[in-house]
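# Inside the fold
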Amino acid sequence: MFGQLVIGGFATGCIYAVVGLGFTLVYRTLRMVNFAQGHVFMAGTFLGLVIAERMHLPALPLLLVVGAVAFGLGMVLERFVFRRLYHNHEVFIVGSIGLGIVLMNGVRVFFPEPVPFPKVFGSEVVQIGTARFQEAYLWVVAATLILVVLLHAMFTYTRTGRALRAVAADAEIAGAVGVNVKRAIGLTFGLSFAVAAIAGVLIGPLYFVSFDMGDMVGLKAFSAAVFGGINSIPGTILGGIVIGILENLAGGYISSAYKDLVAFVILLLMLIWRPTGLLGRETPVKV
Amino acid sequence: MGSALTRWLVAGSALLALLALPAVAPQYVVHISNFVLIYTLPVIGLGFLTGFTGRVSLAQGALFGTGAYTTALLTTKFGWAPIATLVPSVVVTVVLAVALGGAAVRLAGLYFVMATIGIQQIVWLVLMNWIELTNGPQGVRSIPSLGAWGYSFETPQQFYFLALGLALVSYVLAKRVIKSRLGLFLRALSDDQLAASSVAVEVGRAKVTALALSAAWAGAGGFLYAHYVRYIHPDMFGLEPSVLFLVMSMFGGYRSVEGMILATAVLESATEYLRPFGEFRMIAYGLVLLLGMMFFPKGILTLFRRRAATSAAGSSA
């Protein structure tokens, strides 16, 4: 039972980590929290669903196509929507919540009921030790790993990645030494949308998918990001996986009703004890 | 002299108009007005916190719900008289807010917002899952209507006067708090925390007091709400009302009690009048939030003020 719970929690934790990365990418660059993130994740699921059913794409191209579309959408929304919001964090919070409501209810018009997602990642049951789980869990874990490696490589070795890090460190100075700050911010939103949408496709085959699935996952991914350190990419990954495992264990051993509480209790305690999170470094203003 | 007189005249005629409203307006308008009056309480409460400490809370919906659940459970499960539960509703809400948020209120800016999201979710999940106490997703049914001295506030018209009375009391109280020594401390705090602490304002205590005040107003609002709608469900107190209350106090400009009341009236009526859009209602609501923030980030009221400021500047030039 323990192994089963840990593996299930690990896979869910990977999803929190990847969605949480979207929060982290935007936060590092702008010191803003994009509360539409969870609904972008949900929209990614439904985009994947529509593409998988209409075009019968296999798993890998499906992930790439959804990622690319979401990336473009993120860039476009940054240009026409977010750019008008990120001068003040309250304005950004309410605006992004508004956008999330639009996304959620937009999808609701087409899919008012929960629907099954095509089994694009196979439906075999895999056994490791005593734990048995669906093949799709492996996809979730592997895809998370690949995404993290790709992001790390991009931030470390490419010119664009270095530009993004420079803007995250200090946008004004980055601009002064010739980094195109607006483009960097656009790319940041593109990336954060892409990772969330890919996470949406990954989780799709494991459950029935519904228009309100982004609410809880988004807020838990946010808690995970804060727990690990909302300005630290490794922190967010760690936070996501730890919260995923802990809540699954709590659900299995303590009470399934209060499983969802774990993430938010951790969020509150972490903020009081260490607002920068486990691996974060920035000192928040605190008097 | 003249300005004081005009102010009294404006206040008096506004009060008269409010008193006459149920006699002239259709039932539906009275019904919406009741919600406006109820919501002014948590919104004014939020103003204490945000206007005076600069902390933005997304947990006001949960505190509002705490007040509503306290009175609902006391009256339906423990047989209390509805009117006797106002004080317990306020007390329970304040205690809960200080217990959960007392430590977090030290956090500034976005970090406090993050903490309040945690509080909001925790309260909602407990309401949803502590089935023995709260009935969980079943909600609490047949909450009695308020009544006193043989007079019951059951129909929208009857309830209107009660809500108006409580809203007026809370308005006057809010004004008094702002003018008091405590209000002075809080204003000093929001202008410059360091300077305030150097002139012997106890910063930590002032912040917790602001949090407690905002919770007290939310609890009283929840009390009214429960006895008006008479059926409550955890989903009524999720993140959605928290966002609504935040937007109402933002649009009202936080520090102006009148501004917040006006913003509450405008937004609540707007969401009501979106009803004909049916399933597109929530899309329209989301767009109102998004476009409102994109184009009027400092509130609807700044629109008038900006125009006034430019015309004043124009006349002086």
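None of the values given here were measured: they were computed from a predicted structure.

Counting its secondary structure elements, chain A contains 11 helices and 4 strands. Expected size for 287 residues packed as a compact globule is a radius of gyration near 19 Å; at 18 Å, chain A falls within 12% of this value. Along the first, second and third principal axes, the C-alpha atoms of chain A reach 55 × 45 × 35 Å. For chain A, the proportion of its 287 residues judged to be buried stands at 55%. Contacts in chain A between residues far apart in sequence, at least 24 positions, make up 76% of those at least 6 positions apart.

Here the focus is the nonpolar core. In this structure, Ala197(A) and Ile198(A) are the most contacted members of the largest nonpolar core, which totals 200 residues. Apart from residues no more than four positions distant in its own chain, Ala197(A) is found in contact with Val40(A), Phe41(A), Ala43(A), Gly44(A), Leu47(A), Val66(A), Gly67(A) and Ala70(A).

Let us now look at the pairing of strand β3 (residues 131-134) of chain A. Residues and elements named next belong to chain A. Taken together, the 4 bridges between strand β2 (residues 125-128) and β3 define a ladder with antiparallel strand orientation. Within β3, the position partnered with Ile 128 by the bridge is Ala 131. The turn linking β2 back onto β3 is made up of 2 residues, and Gly 129 within it adopts a positive phi angle of 60°.

Attention now moves to the environment of Ser242(B). Residues and elements named next belong to chain B. By secondary structure assignment, the location of Ser 242 is in helix α11 (residues 239-251). Between the alpha carbons of Ser 242 and Ile 117 there is a distance of 9.4 Å; along the sequence they are 125 residues apart. Excluding anything up to four places from it in sequence, Ser 242 contacts Leu 58, Ala 59, Gln 60, Gly 61, Ala 62 and Gln 120.

A positive phi angle is found at His56(A), which is not glycine, with a value near 50°. Residue position: His56(A) is located in the loop between α2 (37-55) and α3 (59-80). The exposure class assigned to His56(A) is exposed, which follows from the 10 C-beta atoms found within 10 Å. Phi at Asn135(B) takes a positive value of approximately 70°, unusual for a residue other than glycine. Within the secondary structure, Asn135(B) is located in the loop between α6 (131-134) and β1 (146-148).

This part takes up the packing of α2(A) against helix α9 (residues 213-228) of chain A. Residue and element names in this part refer to chain A. The N-to-C vectors of α2 and α9 enclose an angle of 130°; their axes lie 7 Å apart at closest approach. By the angle class used here, α2 and α9 are oblique. With respect to the hand of their crossing, α2 and α9 are arranged in right-handed fashion. On α9, the residues touching Gln 37, Gly 38, His 39, Phe 41 and Met 42 of α2 are Met 213, Gly 214, Asp 215, Val 217, Gly 218, Leu 219 and Ala 221. Among the residues making up the contact of α2 with α9, the classes are represented as 6 nonpolar, 5 polar and 1 charged.

Moving on to the environment of Leu168(B). Tracing the backbone shows Leu168(B) in helix α7 (residues 156-179). Remark: the alpha-carbon pair of Leu168(B) and Arg281(B), spanning 113 residues in sequence, is separated by 31 Å.

Turning to the interface of chain A and chain B, a few remarks are in order. Contacts between chain A and chain B engage 38 residues on the former and 36 residues on the latter. At the level of elements, α4 (89-110), α9 and α11 (261-273) of chain A are the ones that each hand at least two residues to the side of chain A that touches chain B. Looking at which element gives the most residues to the side of chain A that touches chain B, the answer is α4(A), with 14 residues. Of the residues belonging to the side of chain A that touches chain B, the class tally is 26 nonpolar, 7 polar and 5 charged.

Residue and element names in this part refer to chain A. It is at 8 Å that the axes of helix α1 (residues 2-30) and helix α8 (residues 181-203) come closest, and there the two elements cross at 170°. The orientation of α1 relative to α8 falls into the category roughly antiparallel. Contacts between α1 and α8 involve Ile 15, Val 18, Val 19, Leu 21, Gly 22, Leu 25, Val 26, Thr 29 and Leu 30 from the first element and Ile 185, Thr 188, Phe 189, Leu 191, Ser 192, Val 195, Ala 196, Ile 198, Ala 199, Leu 202 and Ile 203 from the second.

Taken as a whole, chain A shows an average pLDDT of 89; of its residues, 98% reach a score of 70 or greater. Per-residue pLDDT, averaged within each element of chain A, yields its smallest value for β3(A) (78) and its largest for α3(A) (94).

Once that is clear, we can look at the environment of Ala115(B). By the secondary structure assignment, Ala115(B) is in helix α5 (residues 109-129). By the C-beta count within 10 Å, which is 29 here, Ala115(B) ends up buried. For Ala115(B) and Leu173(B), which are 58 residues apart along the polypeptide, the C-alpha to C-alpha distance reads 28 Å. Ala115(B) has contacts with Leu268(A), Leu271(A), Ala104(B) and Leu107(B), leaving out every residue within four places of it along the chain.

About the criteria used
Residues numbered from 1 in each chain as written. Chains lettered and ligands numbered in written order. Predicted model: local features only at pLDDT ≥ 70, side-chain atom pairs only at ≥ 80, totals over all residues. Helix = DSSP H or I, 4+ residues; strand = E, 2+ residues; numbered from the N terminus. Rg over C-alpha atoms; globule rule 2.2 N^0.38 Å. Buried ≥ 20, exposed ≤ 12 C-beta atoms within 10 Å, placed from the backbone. Contact = placed C-beta atoms within 7 Å. Core = buried A, V, L, I, M, F, W, Y, C linked by C-beta atoms within 7 Å. Pairing = 2+ DSSP bridges. Axes fitted to C-alpha atoms, helices over the stretch in contact; angles between N-to-C directions. Parallel < 35°, antiparallel > 145°, perpendicular 65-115°, else oblique. Left-handed = near helix turned anticlockwise from the far one by under 90°. Nonpolar A, V, L, I, M, F, W, Y, C, P; charged D, E, K, R; others polar. pLDDT = per-residue confidence, 0-100.

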